[in-house]
Number of protein chains: 4
Amino acid sequence: MDPRSPFDELIGTEWISDDPDDARVRVEVREELCQPMGLVHGGLFSSLVESICSRANYLAVAEEGKVAMGQSHSISFLRPITEGFVEVRARARHRGRSTWVWDAEVLDSEGRLCAIAQFNVAVRPAPQRG
Amino acid sequence: MDPRSPFDELIGTEWISDDPDDARVRVEVREELCQPMGLVHGGLFSSLVESICSRANYLAVAEEGKVAMGQSHSISFLRPITEGFVEVRARARHRGRSTWVWDAEVLDSEGRLCAIAQFNVAVRPAPQRG
Amino acid sequence: MDPRSPFDELIGTEWISDDPDDARVRVEVREELCQPMGLVHGGLFSSLVESICSRANYLAVAEEGKVAMGQSHSISFLRPITEGFVEVRARARHRGRSTWVWDAEVLDSEGRLCAIAQFNVAVRPAPQRG
Amino acid sequence: MDPRSPFDELIGTEWISDDPDDARVRVEVREELCQPMGLVHGGLFSSLVESICSRANYLAVAEEGKVAMGQSHSISFLRPITEGFVEVRARARHRGRSTWVWDAEVLDSEGRLCAIAQFNVAVRPAPQRG
């Protein structure tokens, strides 16, 4: 796997921790991440959750010759963010042979809880190369 | 509301229809929308679903002096997209006084179903300006 | 598999169709299915969705020596039910080798939409017996 | 509100704590709560989550003349339960004027995590009686 994630470069993801017990990413709020009312777009929250969980999951299973693919994602939005940064903290609550389940919190720069999420990941043998 | 959505400009959303019975957006696949394995990032699917549902919902309730705020979102990923375009088709399944509920499909350029989603929106009186 | 489902006997599930394109169950509303305000309990909606999707999925993959296990479930409640019957209509939107994804509608006896749901099922080889 | 919940009497819910920081219920596993393979039915997990969150939410807002109605629910199943008891522990992560958001864990009698859930509740003025 090419470790570069072009979409994360586009949105500006800063990788902080890949530890499955406390995986973290952060993005500085800037205008181009906002929806029309000036709030950070909910899709940015979802994208960050998926980025960090997928990455931490991949890194944890790559040694066993496996890949991780997002299967489903649920997120509840609690509080908007308009400035500072957006941080996601995620934890793998289940680490099965074929499925990992993560929960995640989205926080603002004051540490206030802005969203909670669950992300389910399928773990599968890596495709063979010829 | 400023009708511009900076995040949608960043990702390249093309607005096709705001009809709550058949709301649609589309994005051309390009490298910067992909995750490390070369698939369109799942967060892009989520972002498009939230963009079109929020916009169509806002346009439908703005006349009554109301705004629409995403409350929760669930998406299941069925099939990756690597080229062509990503299209979201959404439909408001419930149009209550304080809540709208949408379902949405994510399709590729061949019309294949790639994800299904549910998006719940809170409808509230617009904040007063002083 | 013993075809009897004791929990469905407890709640009174009537099996109508196991067709993965239009799977259906129904339950007559009775007081013991209600929560304190006299509305059918949301958990009854969830239970019916899981029962019919799991059953129809199992029946579709059993010939291949596989079993079906619910992995995740999202439901949005649109309208309460107080009398008549509760009907669930479900459809398999994705039928992969290791995952099936269903969507479902909960209707009342007037045909009004009362909830929408997504249910994800893991499909796995049946455990071997010794 | 009649404090009796007939559906909880049917399934056998034991109310342990209504504290929104640590709300708890428990049910003894018995055959009639199981699906065909002898595992506790997933719908029972969902029902217990909705029962305790709705009840604790109602008790917390009733003094203000408000009622609580479940809006959406997402649950991921991690591990089956076949004996002992099923316990749900829930916590209100957001307590807004019009929305509360809960997360919940489903545990078996060994304290193992068997499911995680998010439950969103609409808080509204109680209907007036004439």
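Shown above is the structure to which this text applies.
Here is a short report on the structure shown in this document. (Residues numbered from 1 in each chain as written. Chains lettered and ligands numbered in written order. Predicted model: local features only at pLDDT ≥ 70, side-chain atom pairs only at ≥ 80, totals over all residues. Heavy atoms only, no water.)

1. As for the relation of the copies chain B and chain C
The operation relating chain B to chain C is a screw motion whose rotation component is 180°, with 0.0 Å of axial translation and a residual RMSD of 0.0 Å. Here the symmetry operator amounts to a two-fold rotation axis. Closest to the rotation axis within chain B is the C-alpha of B:Ser74, separated from it by 3.4 Å. Mapped onto chain C, 100% of the interface residues of chain B again fall at the interface, so both copies present the same surface. (Least-squares fit on C-alpha atoms with pLDDT ≥ 70 in both. Contact = heavy atoms within 4.5 Å.)

2. Some words on the packing of aromatic side chains
Residue and element names in this part refer to chain C. Inspection of every chain in the model, using the stated rule, returns eight aromatic pairs over all chains. Ring centres of Phe 45 and Phe 77 lie 6.1 Å apart, and the angle between their planes is 45°; on these two criteria the pair is classed as tilted. Remark: Phe 77 occurs in strand β3 (residues 66–77) and Phe 45 occurs in helix α2 (residues 42–61); sequence separation between them is 32 residues. Across this residue pair, the class does not change: Phe 45 and Phe 77 are buried. (Phe/Tyr/Trp six-rings, centres within 6.5 Å; stacked < 30°, edge-to-face > 60°. Helix = DSSP H or I, 4+ residues; strand = E, 2+ residues; numbered from the N terminus. Buried < 20%, exposed > 50% of the residue type's maximum accessible area, 1.4 Å probe, protein only.)

3. Quick word on the state of the cysteines
Residues and elements named next belong to chain B. Inspection of every chain in the model, using the stated rule, returns zero disulfides over all chains. In this structure Cys 53 is a free cysteine whose sulfur lies 17 Å from that of Cys 114, the closest cysteine sulfur available. A relative accessible area of 0% means that Cys 53 is categorised as buried. (Disulfide = S-S within 2.5 Å.)

4. Notes on the packing of α2(C) against helix α2 (residues 42–61) of chain D
Viewed as axis vectors pointing N to C, α2(C) and α2(D) meet at an angle of 160°, and their least axial separation amounts to 8 Å. Here α2(C) is positioned roughly antiparallel relative to α2(D), judged by the angle of their axes. Classified by chirality, the crossing of α2(D) by α2(C) is right-handed. Packed against α2(C), whose contacting residues are C:Gly42, C:Gly43, C:Leu44, C:Ser46, C:Ser47 and C:Glu50, the element α2(D) presents D:Gly42, D:Gly43, D:Leu44, D:Ser46, D:Ser47 and D:Glu50 at the interface. Classifying every residue of the contact of α2(C) with α2(D) by side-chain character gives two nonpolar, eight polar and two charged. (Axes fitted to C-alpha atoms, helices over the stretch in contact; angles between N-to-C directions. Parallel < 35°, antiparallel > 145°, perpendicular 65-115°, else oblique. Left-handed = near helix turned anticlockwise from the far one by under 90°. Nonpolar A, V, L, I, M, F, W, Y, C, P; charged D, E, K, R; others polar.)

5. Points about the relation of the copies chain A and chain B
With an RMSD of 0.0 Å, the operation that places chain A on chain B is a rotation of 180° combined with a shift of 0.0 Å along the axis. A share of 100% of interface residues in chain A that are also interface residues in chain B marks the association as one of identical surfaces.

6. Examining helix α2 (residues 42–61) of chain A
An ideal rise of 1.5 Å per residue puts 28 Å on 20 residues; α2(A) measures up with 29 Å between its terminal C-alpha atoms. Burial within α2(A) is extensive, with 16 of its 20 residues counted as buried. (Expected span 1.5 Å × (residues − 1).)

7. Description of the interface of chain A and chain B
Many descriptions give the size of an interface as the accessible area lost when the pieces come together. Contact with chain A, which involves 38 residues of that partner, is made by 38 residues of chain B. Overall, the association of chain A and chain B removes approximately 2800 Å² of surface from exposure, summing both partners, and the carbon and sulfur fraction of that is 64%. On the chain A side of the interface with chain B, the three residues burying the most area are A:Phe7, A:Leu10 and A:Pro36, jointly 21% of the side's total. In this assembly, chain A and chain B are joined by two salt bridges. A salt bridge links B:Arg4 to A:Glu31; the nearest nitrogen and oxygen atoms lie 3.8 Å apart. Remark: the boundary between chain A and chain B carries 17 residue pairs in polar contact (both at pLDDT 80 or more). When residues of the side of chain A that touches chain B are traced back to their parent elements, those giving at least two are α1 (6–11), α2 and β3 (66–77) of chain A. Looking at which element gives the most residues to the side of chain A that touches chain B, the answer is β3(A), with eleven residues. Inspection of the sheet shows β3(A) paired to strand β3 (residues 66–77) of chain B by five bridges, in the antiparallel sense. By the bridge assignment, A:Ile75 is partnered in β3(B) with B:His73. (Buried area = accessible area lost by both parts, 1.4 Å probe. Salt bridge = Lys/Arg side-chain N within 4 Å of Asp/Glu carboxyl O. Polar contact = N/O pair within 3.5 Å; in protein donor to acceptor, adjacent residues only side chain to side chain. Pairing = 2+ DSSP bridges.)

8. Topic: the interface of chain B and chain C
Listed by partner, the interface residues are 15 residues for chain B and 15 residues for chain C. Interface area, chain B with chain C, both sides summed: about 1200 Å², of which 50% is carbon and sulfur. Summed over the shared surface of chain B and chain C, the result is two salt bridges. Residue B:Glu105 pairs with C:Arg93 through a salt bridge whose shortest N-O separation is 2.7 Å. Linking chain B with chain C are nine residue pairs in polar contact (both at pLDDT 80 or more), by the criterion used here.

9. Focus on the sheet that holds strand β1 (residues 14–17) of chain D
Spatially, twelve strands are ordered β1(C)-β2(C)-β4(C)-β5(C)-β6(C)-β3(C)-β3(D)-β6(D)-β5(D)-β4(D)-β2(D)-β1(D) in an open sheet, and the strand pairing comes out antiparallel. The open sheet has two edge strands, β1 (14–17) of chain C together with β1 of chain D, and neither has a second partner. Each strand axis lies, on average, 25° off the axis of its neighbour in the sheet, ignoring direction. Where strand β3 (residues 66–77) of chain D meets strand β6 (residues 113–125) of chain D, eleven bridges bridge the pair, whose relative direction is antiparallel.

10. Some words on the sheet that holds β3(A)
Spatially, twelve strands are ordered β1(A)-β2(A)-β4(A)-β5(A)-β6(A)-β3(A)-β3(B)-β6(B)-β5(B)-β4(B)-β2(B)-β1(B) in an open sheet, and the strand pairing comes out antiparallel. This sheet does not close on itself; its edge strands, each paired only once, are β1 (14–17) of chain A together with β1 (14–17) of chain B. Going across the sheet, the axis of each strand differs from the next one's by a mean of 25°, ignoring polarity. Where strand β4 (residues 85–95) of chain B meets strand β5 (residues 99–108) of chain B, nine bridges bridge the pair, whose relative direction is antiparallel. If you follow B:Glu87 over to β5(B), its bridge partner there is B:Leu107. Docked against the sheet, α2(A) engages β1, β2 (23–28), β3, β4 (85–95), β5 (99–108) and β6 (113–125) of chain A together with β3 of chain B, running at close to 150° with respect to β3(A). Of the strands in this sheet, β3 of chain A together with β1, β2 (23–28), β3, β4, β5 and β6 (113–125) of chain B touch helix α2 (residues 42–61) of chain B, which is tilted by about 150° from β3(B).

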